[in-house]
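# Coordinates in review
For reference, the chains in residue letters:
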Amino acid sequence: MKKPKGKPDSKKVRIMETEEIELLNSWIDSQKPESGSNPLSFPPLEKKEPIGRVGEGDNFSRYVGAARFDQLPISKRTKTGLKAAGYVKMTEIQRASLPHSLCWRDILGAAKTGSGKTLAFVITVLEKLYRERWGPEDGVGSIIISPTRELAHQLFDVLKAVGKQHNFSAGLLIGGRKDLDTEKERVNELNILVCTPGRLLQHMDETPNFDCSQLQVLVLDEADRILDVGFKKALNAIVSQLPKHRQTLLFSATQTKSVQDLARLSLKDPEYLSVHEESVTATPNHLQQTAMIVPLDQKLDMLWSFIKAHLNSKILVFLSSCKQVKFVFEAFKKLRPGIPLKCLHGRMKQERRMGIYSQFCEKRSVLFSTDVASRGLDFNKAVDWVVQVDCPEDVASYIHRVGRTARYTSGGRSVLFLMPSEMKMLEKLQASKVPVQCIKANTKRLQPVSGLLSALLVKHPEMQQLAQRSFITYLRSIHIQKDKEVFDVMKLSIDEFSASLGLPMTPKVRFLNQKVKWKTGPGKPSFLETENFDKEDASVILKEELLTDDFEEEKVDRDLLQTKDTEEEGKATIMDGVMPATRVLKKKKLKINVHRPVGSRVVFDEEGNTLPPLAMLADAKSGNILLDQDQKKEYYKKLREELKHADKEDKLLDRQRRREKRVKEKMKRKKGDAEDEEDDDNLSGSDEETLDQGRRKRSKIYFDNDSDNDTDNDNGDRKENRDDKNSNTDSISLGEQEALALKLLNSMHS
Ligand SMILES: Nc1ncnc2c1ncn2[C@@H]1O[C@H](COP(=O)(O)OP(=O)(O)OP(=O)(O)O)[C@@H](O)[C@H]1O
């Protein structure tokens, strides 16, 4: 059967491809750069220089120093894809890395944000598989790992565009997608996987026959991020499943130089290509960077004023936690600044996240975000401003955040709000070749928003909770920062901060424990007073509480959750000694002690079991019985009885004492009566009457007192008191009374 006209014969195509591959291999082999050389130091190739085979035999053109993609020894298919996507000239990182990576060397590539690192590895991946004649039946040939879903999506788009002419099957494997089962069915047919670490690991654990044993190229984009502690265990588990014989490409604007990291990945004599190392600045040249001193309680005023002054811009705002993003977004949305507002954070559903990301690519608006948007993202139409309301955790984080603007050849501006206590960050940035200019805020143009927020919180009570949580998570985020030179929670004026969010009262800061007292005074700045404050302790508490929140987030965001402290993950149990193929890490405890009532103190016994409050005190007496409900009841019953007995004993003794006293008085009186009779003749009638009354009165008090006591007693006591009265009326002797009391006591104890 004849093939339809226009479509080349597949056999012919195969032959042409084979010839092309042979030529490419020979070309690369004959012209490959010296290992360790920097292709940028070669003079750029002239436009009109011959490309490929030059004359007869195995003479090929030089490709080290190529300035355009079409001067490279790459396939026609890739060249066509590049041209169609508008890529003609190479950027520096592309010129430096491609000559090495095309001869299958491992690469450690570092270049400023927005400088085109993506193409550097995408081209290598496509060429490797092409030259290896990779087909659908060969399975997974390349894995590209990204730290976030949005970035994975973006990389996938670039791969699709540039690899359009190739026949490879590629898949995007990211968390939060519902079609996991379909993914599982198809993943083994895919040649190129673009994924986040969590989802890849999930497939390695759960997908039957998932096979990466033939892997040719492994790429880590934002490599320093993927290699840091947050992804450590996941990455170790992934790498343990991959063949050692492969090409590995690591790219980032802030590259790792840790030998340990490289050892984990078994890199073989990697080429370290840091193209902007000699550059005067570590950030893009077209980026204008400023910093402003903004006290904590004025941050929202400043942000609000900034937004109102830039209503025609595309602004990316970074805050340090999801809760802050939520609060500021919801509050500002209700206040209608006059520009569309959006928010992006790890707790959002995946579809919404992608929707927001795409919308922000298209329109002028303000996007409030956590660091989920700080790395790699290339928002289609340039971002005009990056505003860092909260200070980034370190210089690398700053570089990635501001790198969302001024990409490739476009310009951009950034502003960093620094609290007076965070000024050290400015020094650190300047020492790391980040040219930030510190400017004074124009307070005259400041539009205070805290009053509006207070009114808003009254009108929308649900906003109060958001504000409170925003307040607390911010303090937590400061408290757990490693760099104590920059971040000091003790220096924050929390009452003012709370008021600036519109809160009527300063929320309790539980995570700081009672060991820390917040202190404010009129005219004085607020500060934290420490009382035996152990920072280590507090940070442990804090970390746990923070993890609690983060793991809620993790449920939604499997990838993000792994960016958090994975030391906890190490505590994961391996059920019955059975471990999934790669799973070094188990799902973390989602909540820490969720049943603990707020503000209660948790006591642990020696084996780590939690005990009810004050149980330790009771436990000293009772052994371990408080842990058993039945034994506990029995124990309390016995205690009640013992107390009842003790009560009776006390009353009897008291009565006994009073009786002795009465008898003494009686004796005294009798003696006195005799003397009185002697004096009677000398007294007036009235006096006699008084004395007689007094005598009667005394005797009355004597009995009334006893009966008064009886009213407080139970029935049994009353009977005893009746006997007692009788005995008194019978005027028994003191000795007899004592004997009687003793008898009663003994009978009670028996
Ligand atoms: N050779 C090129 N010609 C024209 N545009 C390019 C070229 N290479 C990259 N770009 C464009 O430059 C922008 C930044 O590229 P890319 O996202 O690869 O940067 P990056 O170095 O990976 O940045 P980051 O460090 O932030 O991840 C993109 O819009 C991309 O399309």
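Owing to the predicted nature of the structure, the values given are computational and were not obtained by experimental measurement.

## Focus: the overall build of the protein chain
Helix and strand counts for the protein chain come out as 25 helices and 18 strands. Counting over 750 residues, the protein chain shows a buried share of 48%. For the protein chain, restricting intrachain contacts to residue pairs at least 6 apart in sequence, the fraction spanning at least 24 positions comes to 74%.

## Regarding the confidence of the model for the protein chain
With 71% of its residues at a pLDDT of at least 70, the protein chain reaches an overall mean of 78. Every residue in residues 514-627 is under pLDDT 50, and counting partners more than four places away or in other chains gives 183 contacts. Segment residues 676-731: pLDDT under 50, and 38 contacts once partners within four positions in sequence are set aside and those in other chains are kept. Overall fold confidence (pTM) sits at 0.71, and the ipTM for the predicted complex is 0.99.

## What about the pattern of salt bridges?
Summed over the entire model, instances satisfying the criterion amount to 26 salt bridges. The shortest N-O distance in the salt bridge between Arg68 and Asp70 comes to 3.0 Å. Ionic pairing is found between Lys428 and Asp483, a salt bridge with its closest N-O pair at 2.7 Å. Taken together, the positions of Lys428 in helix α15 (residues 423-431) and Asp483 in the loop between α17 (462-479) and α18 (494-500) put the pair 55 residues apart, joining distant regions of the chain. What makes Lys428 partly exposed here is its relative accessible area of 23%. Each of Glu17, Arg77 and Arg133 takes part in salt bridges that share partners, so that together they form one network.

## Description of the site of the ligand
Around the ligand, the surrounding shell holds 19 residues, and the nearest of these are Lys89, Gly114, Lys117, Thr118 and Asp378. Taking Tyr87, its side chain carries an N or O atom lying 2.9 Å from an oxygen atom of the ligand. Arg407 is positioned such that a nitrogen or oxygen atom in its side chain is 2.8 Å from an oxygen atom of the ligand. Among the elements that take part in the shell around the ligand, helix α4 (residues 117-131) stands out by supplying 3 residues, more than any other. In the shell around the ligand, the residues fall into 4 nonpolar, 8 polar and 7 charged.

## Focus: the side chain of Arg407
If you trace the backbone, Arg407 turns up in the loop between α14 (395-402) and β13 (412-418). For Arg407, a relative accessible area of 14% puts it in the buried group. A distance of 2.8 Å separates a polar atom in the side chain of Arg407 from the backbone oxygen of Gly403. Setting aside residues up to four positions removed in sequence, Arg407 forms contacts with Thr113, Gly114, Gly376, Leu377 and Asp378.

## So, the sheet that holds strand β10 (residues 341-344)
Hydrogen bonds between backbone atoms are what pair the strands of a sheet, whose relative direction is either parallel or antiparallel. Taken together, 7 strands build an open sheet; the order of strands is β10-β11-β9-β12-β13-β8-β14 and the sheet is parallel. For this open sheet the edge positions go to β10 and β14 (436-439), each flanked by a neighbour on one side alone. The average undirected angle you get between the axes of adjacent strands in this sheet is 20°. Sheet analysis places β10 next to strand β11 (residues 366-369), joined by 4 bridges and oriented parallel. Counterpart to Cys343 in the pairing with β11 is Phe368. Lying over the sheet, helix α11 (residues 299-309) contacts β8 (287-293), β9 (315-318), β11, β12 (385-388) and β13, oriented at roughly 160° with respect to β13.

## A short note on the nonpolar core
Membership of the largest hydrophobic core comes to 134 residues, with the highest contact counts inside it found for Leu303, Phe327, Phe332, Phe368, Phe379 and Val387. It is α4 that contributes the most residues to this core, 9 residues altogether. Not counting chain neighbours up to four residues away, the residues in contact with Phe332 comprise Leu300, Leu303, Trp304, Ile307, Pro337, Leu341 and Phe368. Core analysis: the second largest hydrophobic core is formed by 30 residues, Leu190, Leu200, Cys212 and Leu262 among them.

## Digging into the environment of Pro392
Tracing the backbone through its elements, the reader meets Pro392 in the loop between β12 and α14. On the accessibility criterion, Pro392 (0% relative accessible area) is buried. Sequence-wise, Pro392 and Phe318 are 74 residues apart; in three dimensions their C-alpha atoms are separated by 8.7 Å. Apart from residues lying up to four places away in sequence, Pro392 is in contact with Ser397, Tyr398, Arg401, Leu416, Met425 and Phe487.

## Here's the deal with the environment of Leu311
For Leu311, the location among the structural elements is in the loop between α11 and β9. The sequence separation of Leu311 and Thr118 amounts to 193 residues, and the corresponding C-alpha distance is 32 Å. Residues contacting Leu311, with those up to four places away along its chain left out, are Pro337, Gly338, Ile339 and Arg364.

## Quick notes on the UniProt feature "domain: Helicase ATP-binding" (unreviewed entry) in the protein chain
UniProt feature "domain: Helicase ATP-binding" (unreviewed entry): in the numbering of this structure it lies at residues 98-273. Secondary structure across residues 98-273 divides into 39% helix and 17% strand, with the first and last C-alpha atoms of the span separated by 11 Å.

## Considerations on helix α7 (residues 197-206)
Every α-helical turn comprises 3.6 residues, leaving residues that sit three or four positions apart pointing alike. When you tally the buried positions in α7, you get 9 out of 10 residues, the bulk of the element. By the burial criterion, the buried members of α7 are Pro197, Gly198, Arg199, Leu200, Leu201, Gln202, His203, Met204 and Asp205.

## Here we look at the sheet that holds strand β1 (residues 107-110)
The strand order β3-β4-β2-β5-β6-β1-β7 describes an open sheet built from 7 strands, whose pairing is parallel. In this open sheet, the two strands that pair with only one neighbour each are β3 (170-173) and β7 (271-274). Within this sheet the neighbouring strands show an average axis-to-axis angle of 10°, counted without direction. The pairing of β1 with strand β6 (residues 247-252) spans 4 bridges and is classified as parallel. In the strand pairing of β6, Gly109 is matched with Phe251.

What counts as what
Residues numbered from 1 in each chain as written. Predicted model: local features only at pLDDT ≥ 70, side-chain atom pairs only at ≥ 80, totals over all residues. Heavy atoms only, no water. Helix = DSSP H or I, 4+ residues; strand = E, 2+ residues; numbered from the N terminus. Buried < 20%, exposed > 50% of the residue type's maximum accessible area, 1.4 Å probe, protein only. Contact = heavy atoms within 4.5 Å. pLDDT = per-residue confidence, 0-100. Salt bridge = Lys/Arg side-chain N within 4 Å of Asp/Glu carboxyl O. Near = heavy atom within 4 Å. Polar contact = N/O pair within 3.5 Å; in protein donor to acceptor, adjacent residues only side chain to side chain. Nonpolar A, V, L, I, M, F, W, Y, C, P; charged D, E, K, R; others polar. Pairing = 2+ DSSP bridges. Axes fitted to C-alpha atoms, helices over the stretch in contact; angles between N-to-C directions. Core = buried A, V, L, I, M, F, W, Y, C linked by side-chain atoms within 4.5 Å. UniProt positions renumbered as here; feature names shortened; annotations may be inferred.

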